[in-house]
Amino acid sequence: MTWLWLILAIVGEVTGTLGLRASEGLTRKIWLPPILISYVSAFFFLGMALRTGVPIGVAYGVWTALGIVLIAALARVIWKDPITMRMAAGITLIIVGVLLVEMG
């Protein structure tokens, strides 16, 4: 159940961030409730993951790393945002760094 909470936190954070983009700088007010719900749920589920035993360094590292990867990939698919070689290298370094933190 611990990792499920963390996955739900990541989904909430990614959904909220994509909603920010879709809202065009919060000018499309229809997106405000989904953004708010997404971010509140992200922090709620992150708190649940921490309460059930995931160390904060691991939880936050996995949360942010997967968030970055998913947001970059989904923004590429939805809005055709660029992913340059330099960006891909940076994403790879983030993933490697989180794996090293998780392995202790």
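Residues numbered from 1 in each chain as written. Predicted model: local features only at pLDDT ≥ 70, side-chain atom pairs only at ≥ 80, totals over all residues. Heavy atoms only, no water.

Q: So, the nonpolar core: which residues are in play, and what are the values?
A: In terms of nonpolar packing, the biggest core is built from 19 residues, with Leu 6, Ile 10, Leu 46, Val 62 and Trp 63 touching the most fellow members. At the level of elements, α1 (2-22), α2 (32-51) and α3 (56-79) are the ones that each hand at least two residues to this core. Beyond its immediate sequence surroundings of up to four residues, Leu 46 is in contact with Leu 6, Ala 9, Ala 59 and Trp 63. (Core = buried A, V, L, I, M, F, W, Y, C linked by side-chain atoms within 4.5 Å. Buried < 20%, exposed > 50% of the residue type's maximum accessible area, 1.4 Å probe, protein only. Helix = DSSP H or I, 4+ residues; strand = E, 2+ residues; numbered from the N terminus. Contact = heavy atoms within 4.5 Å.)

Q: Give a detailed account of the packing of α1 against α3, specifying residues and quantitative values.
A: Orientation of α1 relative to α3, taken along the N-to-C sense of each, is 40°, at an axis distance of 9 Å. The orientation of α1 with respect to α3, classified from their angle, is oblique. Relative to α3, α1 is oriented so that their crossing is right-handed. Touching Trp 3, Leu 6, Ala 9, Ile 10, Glu 13, Val 14, Thr 17, Leu 18, Arg 21 and Ala 22 of α1 are Val 58, Ala 59, Val 62, Trp 63, Leu 66, Gly 67, Leu 70, Ile 71, Leu 74, Ala 75 and Trp 79, all from α3. Across the contact of α1 with α3, the residue classes break down as 17 nonpolar, 2 polar and 2 charged. (Axes fitted to C-alpha atoms, helices over the stretch in contact; angles between N-to-C directions. Parallel < 35°, antiparallel > 145°, perpendicular 65-115°, else oblique. Left-handed = near helix turned anticlockwise from the far one by under 90°. Nonpolar A, V, L, I, M, F, W, Y, C, P; charged D, E, K, R; others polar.)

Q: Describe the side chain of Ser 23, with residues and values.
A: Inspection of the secondary structure puts Ser 23 in the loop between α1 and α2. When its relative accessible area of 0% is taken as the criterion, Ser 23 is described as buried. In this structure the side chain of Ser 23 is engaged in a polar contact, spanning 2.8 Å, whose partner is the backbone oxygen of Leu 20. (Polar contact = N/O pair within 3.5 Å; in protein donor to acceptor, adjacent residues only side chain to side chain.)

Q: Account for unusual backbone geometry, with residues named and values stated.
A: Unusually for a residue other than glycine, Glu 24 sits at a positive phi of about 55°. Looking at the secondary structure, you find Glu 24 in the loop between α1 and α2. Phi at Lys 80 is positive, roughly 60°, even though this residue is not glycine.

Q: Quick rundown of a nonpolar patch on the surface? Include the residues and the values.
A: Residues Leu 66, Leu 70, Leu 74, Val 77 and Ile 78 make up a contiguous nonpolar surface patch of roughly 410 Å² in combined accessible area. For Leu 66, the location among the structural elements is in helix α3. We classify Leu 66 as partly exposed; its relative accessible area is 41%. (Patch = residues over 30% accessible without salt bridge, like charges linked within 9 Å, V, L, I, M, F, W, Y side chains within 5 Å. Areas by Shrake-Rupley, 256 points an atom, 1.4 Å probe, with all protein chains shown as cover. Salt bridge = Lys/Arg side-chain N within 4 Å of Asp/Glu carboxyl O.)

Q: Give a detailed account of the packing of α3 against helix α4 (residues 85-103), specifying residues and quantitative values.
A: Axis separation between α3 and α4 bottoms out at 9 Å; the angle between their running directions is 160°. Here α3 is positioned roughly antiparallel relative to α4, judged by the angle of their axes. Relative to α4, α3 is oriented so that their crossing is left-handed. Contacts between α3 and α4 involve Gly 57, Val 58, Gly 61, Val 62, Ala 65, Ile 68, Val 69 and Ala 72 on the former and, on the latter, Ile 91, Ile 94, Ile 95, Val 98, Val 101 and Glu 102. Of the residues in the contact of α3 with α4, the class split is 11 nonpolar, 2 polar and 1 charged.

Q: So, α3: which residues are in play, and what are the values?
A: With 24 residues, α3 should reach 34 Å at 1.5 Å per residue; the first-to-last C-alpha distance of 33 Å fits that figure. Here α3 has its buried residues at Val 58, Ala 59, Gly 61, Val 62, Trp 63, Ala 65, Gly 67, Ile 71, Ala 72 and Ala 75. On its buried face, α3 sits against α1, α2 and α4. (Expected span 1.5 Å × (residues − 1).)

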